[in-house]
Amino acid sequence: MLTATGLAVATVTAVAVGGASAATSHTTNRVVVDSLSLTPSSPTTSTSVTATAKLHATRTLQVQALAVGVRSASGAHFDFKASGPTTLSSSETVLTPASRTFAAGAYSYFVEYESGNTWHRLAPTGSFTSNGSTVTPTSPATPATSATPSSSPSGAPTTPAATSTPSASASASASASASTPVSPSATATTIPSQIPTTTPATTPASTSTSSAAGPAPVGIAGSWHEVFADEFNGSSLDTSKWTPNWLGCGTCTTPPVNSAEQDAYAPSQVTESGGSLHLTLAQQSTTVNGKTYPYKSGLVESSGKAQFTYGAFEARIYLPAGGGGVANWPAFWTDGQSWPTDGEMDVMEGLSGDACYHFHSPSGGPGGCASGDYSGWHTYGADWEPGSVTYYYDGKEVGKITTGITSAPQYLILNNGLYSSDAQPVAPSDMQVDYVRVWQH
């Protein structure tokens with residue numbers, strides 16, 4: 001057992017962790033980590049690692065989430081699953097998140113909590129290696145390094161959507177120019193449990209390679225070269241790659257993607273700090289084009305700036321928790337310029353608490369949902385090849401679609417949406433993105 005014990009934090013400082021603000025701030029709540037340990041201390045890639053932390057506060061503190069954060073030598077996030085809202089007090093709190101595995105490498109780990117939509121890191125910091133690697137881990141105060149290859153294809157946007165509630169899912173169809181936001185209409189299809197699925201693989205692929213010095217797709221086999229990346233290590237959104245709303249002008253607040261949403265999309269809800277993109281949902285009445293929405297939220301899309309035909313698409317995303325799973329309707333997806341003719345690839349969308357995948361085209365929208373709770377930090381990927389798309393969550397295959405796969409270029413979208421009939425919305429909520437990367441053969 002590897003243990004770090006007995007170090008107190010007299011004043012908690014907000015640092016660049018798990019999407020925390022890059023600015024330094026202080027709180028008068030004093031938090032003490034009594035002990036922090038990992039078992040086993042020298043795991044292999046197939047070993048489940050368990051974290052145990054004991055802590056208390058010198059005065060009562062309500063926190064949004066509590067977690068054991070983990071960083072690789074490059075600064076990438078590999079956190080254990082965070083807990084939900086918690087009250088810290090003088091009584092000891094024991095944190096034992098679900099166990100997980102780690103790829104070969106060196107890591108640092110620590111306790112962190114979220115308060116006021118900001119992550120706060122606590123001392124002490126421990127370190128461990130998986131598979132005996134001797135690489136020195138990066139200090140957790142150092143954000144991940146950035147890789148920023150560019151891609152600037154062009155195209156005129158149109159509108160897609162794929163949605164679901166416990167009883168139905170909806171898909172939207174409409175068109176618009178880049179300067180005109182859209183108000184798509186929804187048509188009911190089937191519930192996620194009725195969508196054809198495939199049996200997920202039990203182990204991730206292990207032969208993914210990259211011809212460049214940058215990282216390779218997690219679990220996706222093959223030889224790849226990176227054609228697009230945003231590591232979100234700056235202080236503001238890179239508008240050469242993204243537009244911060246749904247197909248509108250750079251400063252416009254737009255209607256939602258789908259008429260089944262409760263939220264408008266505003267650039268004010270898109271920020272970048274602490275090594276992460278933040279797409280923040282807030283309960284704030286917002287009127288757009290004469291219609292009032294009870295919420296506003298964040299979305300980024302790359303139409304007219306970056307689009308791709310085939311490749312490996314991957315993002316590491318923090319999804320807020322709610323109702324025992326994923327809260328609200330967050331999504332990482334791609335779309336062609338003429339929906340549904342050009343296709344829509346849903347790498348991940350939160351539907352009724354589950355993380356789900358689909359491919360929409362004139363042939364339909366087959367797909368399914370992965371088992372397990374995907375709130376917190378996870379990696380979502382898709383390998384789009386001629387005639388098939390294979391989906392990978394945390395490097396493990398969760399499904400494959402071989403019908404209706406299109407071949408037109410598609411652009412990238414990430415959004416933190418809210419379905420209109422969601423009985424238990426979580427707001428405010430912060431969908432965070434550590435990175436987005438695209439590779440091709």
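Participant: Can you break down the side chain of Glu314 residue by residue, with the values?
Facilitator: Following the sequence through the fold, Glu314 ends up in strand β26 (residues 311-319). Despite being buried, Glu314 has no salt bridge partner; Arg437 is the closest side chain of opposite charge, sitting 4.5 Å away. A distance of 2.7 Å separates the side chain of Glu314 from the backbone nitrogen of Val218, its partner in a polar contact. A polar contact is formed between the side chain of Glu314 and the side chain of Tyr435, at a distance of 2.7 Å. Look past the residues within four positions of Glu314 in its chain and what remains in contact with it is Pro217, Val218, Phe332, Thr379, Tyr380, Gly381, Tyr435, Val436, Arg437 and Trp439.

Participant: Can you tell me about the nonpolar core, naming the residues and giving the values?
Facilitator: One broad rule of soluble globular proteins: the nonpolar side chains tend to lie buried together. Ranked by internal contacts, the top residues of the largest apolar core, which has 40 residues, are Ile317, Phe332, Tyr380, Leu414 and Val436. Not counting residues up to four positions away in its chain, the partners in contact with Ile317 are Phe332, Met348, Gly376, Trp377, His378, Tyr380, Leu414, Met431, Gln432 and Val433. Ala51, Leu95, Tyr107 and Leu122 belong to the second-largest nonpolar core, a separate cluster that totals 24 residues.

Participant: Could you give an account of the pairing of strand β34 (residues 388-393), naming the residues involved and the relevant values?
Facilitator: Counting buried positions along β34 yields six of six residues, so the element is predominantly enclosed. Bridge count between strand β33 (residues 376-385) and β34: six bridges; the pairing is antiparallel. Counterpart to Asp383 in the pairing with β34 is Thr390. If you look at the hairpin formed by β34 and strand β35 (residues 396-401), you'll find two residues sitting between the two strands, and Asp394 has a positive phi there, around 55 degrees.

Participant: Break down the state of the cysteines for me, with residues and values.
Facilitator: Counted by the stated rule, this structure contains two disulfides. Disulfide partner of Cys249: Cys252, at an S-S distance of 1.8 Å. Between Cys249 and Cys252, the S-S dihedral sits near 105 degrees, and the bridge is therefore right-handed. Classification of Cys252 by relative accessible area gives partly exposed; the value is 26%. Each disulfide pairs two cysteine sulfurs, and for Cys356 the partner residue is Cys369, the sulfurs being separated by 2.0 Å.

Participant: Any chance you could break down the packing of aromatic side chains for me, citing the residues and the numbers?
Facilitator: Each aromatic ring pair is summarised here by two numbers: the centre-to-centre distance and the angle between the ring planes. For the structure shown, the criterion picks out 21 aromatic pairs. A centroid spacing of 6.1 Å and a plane angle of 35 degrees characterise the contact between Phe313 and Trp384, whose relative ring orientation is tilted. Of this pair, Phe313 sits in strand β26 while Trp384 sits in strand β33; the two residues are 71 residues apart in sequence, bridging distant segments of the chain. Taking the centre distance of 5.4 Å and the plane angle of 65 degrees together, the rings of Trp329 and Tyr419 count as edge-to-face. Residue Trp329 is located in strand β29 (residues 329-336), and its partner Tyr419 is located in the loop between β36 (410-417) and β37 (429-440); the two are separated by 90 residues in the primary sequence. One Lys or Arg, Arg121, reaches over the ring of Phe110 and ends 4.1 Å from the middle of that ring. Over the face of the ring belonging to Tyr435 we find Arg437, whose NZ or CZ atom lies 3.5 Å from the ring centre.

Participant: Explain the environment of His378 to me, using residue names and the numbers behind them.
Facilitator: Tracing the backbone through its elements, the reader meets His378 in strand β33. Along the backbone, His378 and Ile317 are 61 residues apart, and their C-alpha atoms lie at a distance of 5.6 Å. For His378, the contacting residues outside a window of four places in its chain are Ala315, Arg316, Ile317, Asp373 and Asp394. There is a polar contact of 2.7 Å between the side chain of His378 and the side chain of Asp394.

Conventions we followed
Residues numbered from 1 in each chain as written. Predicted model: local features only at pLDDT ≥ 70, side-chain atom pairs only at ≥ 80, totals over all residues. Heavy atoms only, no water. Helix = DSSP H or I, 4+ residues; strand = E, 2+ residues; numbered from the N terminus. Buried < 20%, exposed > 50% of the residue type's maximum accessible area, 1.4 Å probe, protein only. Lys, Arg positive; Asp, Glu negative; His and termini not counted. Salt bridge = Lys/Arg side-chain N within 4 Å of Asp/Glu carboxyl O. Polar contact = N/O pair within 3.5 Å; in protein donor to acceptor, adjacent residues only side chain to side chain. Contact = heavy atoms within 4.5 Å. Core = buried A, V, L, I, M, F, W, Y, C linked by side-chain atoms within 4.5 Å. Pairing = 2+ DSSP bridges. Disulfide = S-S within 2.5 Å. Phe/Tyr/Trp six-rings, centres within 6.5 Å; stacked < 30°, edge-to-face > 60°. Lys NZ or Arg CZ within 6 Å of the ring centre and 35° of its normal.

By themselves, these are just geometric observations and shouldn't be taken as functional.
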